[in-house]
Amino acid sequence: MDLSTLRDRNPDHFDKAAALRFLALDAVKAANSGHTGMPMGMADVATVLFQRHLKFDAAAPDWPDRDRFILSAGHGSMLLYGLLHLTGYEDMTLEQIRDFRQWGSRTAGHPEYGHAKGIETTTGPLGQGLANSVGFAIAEESLRARFGAKVVDHRTYVIAGDGCLMEGVSQEAIALAGHLRLGRLIVFFDDNGITIDGKVSLADSTDQKARFAASGWHVQDCDGHDPEAIDTAIRAAQDDPRPSMIACRTHIALGTAAQDTAKGHGALTDDQLIADTRDAYGWGHAPFDIPAEIKSAWEDIGRRGAETRAAWEERLADLSDNRRALFQRVQAGEAPKKLAATIRALKKQISETAPKVATRKSSEMVLEVVNPIMPETLGGSADLTGSNNTLTSDLGKFTAEDRKGRYIHYGIREHGMAAAMNGMALHGGVRPYGGTFMCFTDYARPAMRLSALMGIAPVYVMTHDSIGLGEDGPTHQPVEHLAMLRATPNTYVFRPADTVETAEAWELALTRSDAPAVLALTRQGVPTVRTAHKQKNLSAQGAYVLADADGKRQAVLLATGSEVSVAMAARDLLHSEGIGTRVVSMPCWELFEDQDESYRRKVLPAGPVRVAVEAGVRLGWDRWLYGERGRRDKGGFVGMEGFGASAPAETLYEKFGITAEAVAERVKSLL
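These remarks concern the structure in this document. Because the structure is a prediction, the values reported are computed rather than measured.

Section: the packing of helix H2 (residues 11-31) against helix H11 (residues 271-281)
At step 1: In the contact formed by H2 and H11, the axes pass within 12 Å of each other and the chain directions differ by 170°. The angle between H2 and H11 places the two elements in the roughly antiparallel class. Between H2, through Phe-14, Ala-18, Arg-21, Phe-22, Leu-25, Asp-26 and Lys-29, and H11, the contact on the second element is made entirely by Asp-271, Ile-274, Thr-277, Arg-278 and Tyr-281.
At step 2: Split into classes, the residues belonging to the contact of H2 with H11 amount to six nonpolar, one polar and five charged.

What follows is the structure in structure tokens.
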């Protein structure tokens, strides 16, 4: 549908959509940076969605039962910012629109969760929003099964572009959504045929509609500039029990001289082009000037959900006190009060019985006592359930037939799993955790980075954390991954030494909501090193003195995970030679960094030789060896210098020199 026809047939719609288009055009021009084409191309779809279908109340942006709108094609961020401003979100002022892409503004180049209400997730890395949406839809289904449709009954809508659908994570996401029949998920495909390099046909000839259909989706197409056709397609999607994809045929940078070209994708800032576009639309208003009647009409849309929200609040109040309190607790992301006592009881039992088990098994032992008291946990694994030990007896399976189950079989889709977990955490009301082999954090990494960037708290259960996994060899043995994860801001990496530290790590992971946690867990059995029960969560300090020197302290051994027991054995060897040795367990560097200087000085005093032992690369350890009052001539490292090999774990530790004897010799060489 061309501009003149659209204006003649639907003048009210035309004006509302034009307001979105010109806010985008003006903001990109003012910033001299951004992406004009997508907001101009998808303004009609967004207008129909917000005006006729989206359940929301701009005055209550955190309403738990609102529909979610996700702009997966995050480069078109001005479409979202324009919608939030026009519908009356309090923190999306016109000044914020004017300050698009400027320091300190809420209107970042790509939408960032937490910058403004109504931004449901951080997008920009293409495909992530689409993959997040699967988690949003899973969370909605799970909560509706638990609390009933009177309290949880909403949809998730997504705008995705060609780039989102070319990214590999999109196939992981749509396959999972189709398999689980997530019928509350509706995706609008901005089918404009253009990417940065030119026509999509330069690089891709995929029949996207056939791909979605093959994955179990309900598929339609429509003219993305015809409001009635868009509305009809949305209604059909809402009526179908499958997830839906609507291929919206659109023109990128509609109505500009750059329409249907690669140039239209980016920043349209030419004065003549902008003047000509104003003429084409009959938009005679100054930059950022939205006529009062159009702004008022949009604000009415923003208020449309107020009555629905008020009725929902009454239904929530009708729940029993216990169910309402549970709903409010899980929505707030608060752990139950009994969690601490539950963890303490398990720690006491373990300290007394001192089992030798792999920390992946330790994690399962923790989950066996935690999952029954935290009904909000949603667990899962990327086809490694028996290896990751992530399934406990009480969970049941989340399937297309059973939404009350709390365990998700993600299949071999590590990236899709991590992105879906982000969506669940963002939705609220559930606590996602998921497992794979630690080496395959490589597959999940883009979504894990976004967990940290957004400040949300999924728990990544990463087992088989070193050469200790043995015969599977170097393809599966992580050596650089701990360093990579520790280098990521706002990520808490736990490598527990035994079941007690594993329990403490889980408690810490489940009681914070502002950062993801990674649990690096062993395949091989490790002895219990915490044999004296302490009520205090020692891992909360990041590092602590596990065993001090007998007599004069001459050496400090620093270790994590499975190598803590190696350090303890080295301590015995050194003590037998009269060399007083302290062992410091460092389950979480990030938490140790958070401690005050006096505590860190107490754990790592000046003077003694320091040797660190970890079955990974050295990168990062020099901070603790040479910083924090250490000395370069008094520090050493025992660990990996390259990739691993295929052999039994015991052989690998011996051949790579990660032994108590090697640690003791390294200490003596530095004395």
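Looking at the nonpolar core
At step 1: Counting 67 residues, the largest nonpolar core has Phe-50, Phe-69, Leu-79, Phe-188, Ile-246, Tyr-281 and Trp-298 as the members making the most contacts within it.
At step 2: Looking at which element gives the most residues to this core, the answer is H2, with 12 residues.
At step 3: Beyond its immediate chain neighbours, meaning those up to four positions away, Ile-246 contacts Ile-186, Val-187, Phe-188, Phe-189, Gln-220, Cys-222, Ala-233, Ile-234 and Ala-237.
At step 4: If you look at the next biggest cluster of nonpolar residues, it comprises 64 residues, including Phe-398, Met-448, Ile-456 and Val-518.

What to know about the pattern of salt bridges
At step 1: All told, the structure shown has 46 salt bridges when counted by the stated rule.
At step 2: With a shortest N-O distance of 2.8 Å, Arg-618 and Asp-622 are connected by a salt bridge.
At step 3: Overall, the relative accessible area of 29% leaves Arg-618 in the partly exposed class.
At step 4: Through salt bridges with shared partners, one network takes in Glu-593, Glu-597, Arg-600, Arg-601, Arg-623, Glu-628 and Arg-629.

Quick notes on the sheet that holds strand S12 (residues 459-463)
Backbone-to-backbone hydrogen bonds join strands into a sheet, with any given pair of strands oriented parallel or antiparallel.
At step 1: As summarised here, the arrangement of the six strands in space is S10-S9-S11-S12-S14-S13, forming an open sheet in which the pairing is parallel. Either end of the sheet is taken by a strand with one partner, and the two such strands are strand S10 (407-409) and strand S13 (492-494). Recorded for the sheet is a direction-independent mean angle of 20° between the axes of neighbouring strands.
At step 2: The pairing of S12 with strand S14 (residues 517-521) spans five bridges and is classified as parallel. What sits directly across from Val-461, in S14, is Leu-519.

Overview of helix H8 (residues 168-180)
At step 1: Look at H8: 19 Å from first C-alpha to last across 13 residues, which is about the 18 Å you get at 1.5 Å a residue.
At step 2: In this fold, the buried residues of H8 make contact with helix H6 (128-147), helix H7 (162-166), strand S3 (185-191), helix H9 (208-214), S10 and helix H18 (414-427).
At step 3: With its phi angle positive at about 50°, Arg-181 sits one or two positions after the end of H8.

Cut-offs and rules
Residues numbered from 1 in each chain as written. Predicted model: local features only at pLDDT ≥ 70, side-chain atom pairs only at ≥ 80, totals over all residues. Heavy atoms only, no water. Axes fitted to C-alpha atoms, helices over the stretch in contact; angles between N-to-C directions. Helix = DSSP H or I, 4+ residues; strand = E, 2+ residues; numbered from the N terminus. Parallel < 35°, antiparallel > 145°, perpendicular 65-115°, else oblique. Contact = heavy atoms within 4.5 Å. Nonpolar A, V, L, I, M, F, W, Y, C, P; charged D, E, K, R; others polar. Core = buried A, V, L, I, M, F, W, Y, C linked by side-chain atoms within 4.5 Å. Buried < 20%, exposed > 50% of the residue type's maximum accessible area, 1.4 Å probe, protein only. Salt bridge = Lys/Arg side-chain N within 4 Å of Asp/Glu carboxyl O. Pairing = 2+ DSSP bridges. Expected span 1.5 Å × (residues − 1).

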